[in-house]
Amino acid sequence: MIMAAATPVPTPTTTSRLRVLVIEDERDLVDGLVYNLQREGYDTIVAHDGQEGLRKAQTLLPDLILLDIMLPTLSGTEILRDLRGGERTRDIPVIILSAKAEETDQVVGFSLGADDYVTKPFSPRVLMQKIKALRRRVEGTADSTEVIEYLGVKIDRVRHRAYVENEELDLTPTEFRLLECLLRQPGRAFTRHQLMDAAIGEGAIVLERTIDVHIKTLRKKLESADLIETVRGVGYRFRESR
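What you see is a predicted model; the values in this text were computed from it and never measured. (Residues numbered from 1 in each chain as written. Predicted model: local features only at pLDDT ≥ 70, side-chain atom pairs only at ≥ 80, totals over all residues. Heavy atoms only, no water.)

Considerations on the overall build of the protein
Then comes step 1: Along its length, the protein carries 8 helices and 12 strands.
Then comes step 2: Looking at the protein residue by residue over its 242 residues, the buried ones come to 47%.
Then comes step 3: Pairs at least 24 residues apart make up 61% of the contacts formed inside the protein by residues separated by at least 6 positions.
Then comes step 4: Accessible area of the protein: about 12,000 Å², with a carbon and sulfur share of 47%. (Helix = DSSP H or I, 4+ residues; strand = E, 2+ residues; numbered from the N terminus. Buried < 20%, exposed > 50% of the residue type's maximum accessible area, 1.4 Å probe, protein only. Contact = heavy atoms within 4.5 Å. Areas by Shrake-Rupley, 256 points an atom, 1.4 Å probe, with all protein chains shown as cover.)

Written out as structure tokens, the structure is:
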């Protein structure tokens, strides 16, 4: 067991604390997660099966979700699909917690819209750092350009919306950040590692197939295969001109 069971730290009454929904059926693991999250200053919500987790996510709208894949009643992948398909839940950051460590499992998780993927067993300290890094990426920086537009593609960072020829795109949070990274510097060739750092976070385990899946789905949603160009031996770039 990676975490010792502990009595949850009392939660002060305040509206400024971020809420984390833990959807996990391993009771001892949940106790450890709740203890560490509350010690870091987060409010916690817990669900022990998939249907309960999805219902709490849709009604309580947490700031972040820790999601197990193997769950009773409804799998984590089904939950993730429903979250990304919902108007109010599609932008909630999700970190998958899974004993499945195969590359293909991680590729599937990222392609469905997960923001990060943590394999069990894991260090509580590492998980807390990943949560903090994800929150920083989601919140962004104050001096970032709010609207970026180039070759008919537009990103509105404040409203977290993306458009191509004024038609709104249905992007996952990771796809949104990936498109933003490419769109900010047309013509610049990014390596897969650089794109994964921008879209998923520094220090993430970079899987080349994962970034290729994101690019493939992004091209499909842009309805254009030539806006994002493949740079042989390097990675990808956004087209510099028509």
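Details of the sheet that holds strand β9 (residues 167–169)
Then comes step 1: Taken in spatial order, the 4 strands make up an open sheet running β6-β7-β8-β9, and their pairing is antiparallel. Single-partner strands in this sheet number two, and they are β6 (147–150) and β9. On average, adjacent strands in this sheet sit at an angle of 20° to one another, irrespective of strand direction.
Then comes step 2: Bridge analysis of strand β8 (residues 161–164) against β9 gives 3 bridges, and the strand direction is antiparallel. Within β9, the position partnered with V164 by the bridge is E167.
Then comes step 3: Together, β6, β7 (153–156), β8 and β9 form the strand contacts of helix α6 (residues 173–184), whose direction differs from that of β7 by roughly 120°. (Pairing = 2+ DSSP bridges. Axes fitted to C-alpha atoms, helices over the stretch in contact; angles between N-to-C directions.)

What to know about the pairing of β8
Then comes step 1: Sheet analysis places β7 next to β8, joined by 4 bridges and oriented antiparallel. The residue bridging D156 from the neighbouring strand is R161, located in β8.
Then comes step 2: Linking β7 back to β8 in an antiparallel pair, the connection comprises 4 residues, with H160 at a positive phi of about 50°.
Then comes step 3: Taken together, β8 and the strand that follows it, β9, pair antiparallel across an intervening segment of 2 residues, in which E165 is found at a positive phi of about 50°.

A look at the packing of aromatic side chains
Then comes step 1: Inspection of every chain in the model, using the stated rule, returns 2 aromatic pairs.
Then comes step 2: With 6.5 Å between their ring centres and 50° between their planes, F110 and Y117 make a pair best called tilted.
Then comes step 3: With relative accessibility at 2%, the residue F110 sits in the buried group.
Then comes step 4: Centre to centre, the rings of Y150 and F238 are 6.3 Å apart; their planes meet at 65°, and the pair counts as edge-to-face. Here the residue Y150 occupies a position in strand β6, and F238 occupies one in strand β12 (residues 235–238), the gap between them amounting to 88 residues.
Then comes step 5: Positioned above the aromatic ring of Y163 is the side chain of K154, whose terminal nitrogen or guanidinium carbon lies 5.2 Å from the ring centre. (Phe/Tyr/Trp six-rings, centres within 6.5 Å; stacked < 30°, edge-to-face > 60°. Lys NZ or Arg CZ within 6 Å of the ring centre and 35° of its normal.)

Let's talk about the pattern of salt bridges
Where side chains of opposite charge bring their charged atoms close, a pairing between them can arise.
Then comes step 1: One pass over the structure, following the stated rule, counts 19 salt bridges.
Then comes step 2: A salt bridge links R84 to D115, with the nearest nitrogen and oxygen atoms 3.1 Å apart. Here D115 lies in the loop between α4 (103–111) and β5 (116–119) and R84 lies in helix α3 (residues 76–85), a separation of 31 residues in the sequence.
Then comes step 3: According to the relative accessible area criterion, R84 is buried, its value standing at 7%.
Then comes step 4: A relative accessible area of 0% places D115 in the buried class. (Salt bridge = Lys/Arg side-chain N within 4 Å of Asp/Glu carboxyl O.)

Looking at the nonpolar core
Then comes step 1: In terms of nonpolar packing, the biggest core is built from 26 residues, with L179 and F238 touching the most fellow members.
Then comes step 2: A per-element tally of this core places α6 first, with 6 residues.
Then comes step 3: For L179, the residues in contact, after removing those within four places along its chain, are V153, I155, A162, L169, L171, L218, L222 and F238.
Then comes step 4: I69, L80, I92 and F110 belong to the second-largest nonpolar core, a separate cluster that totals 21 residues. (Core = buried A, V, L, I, M, F, W, Y, C linked by side-chain atoms within 4.5 Å.)

None of the figures reported here should be taken as evidence of function without further support.
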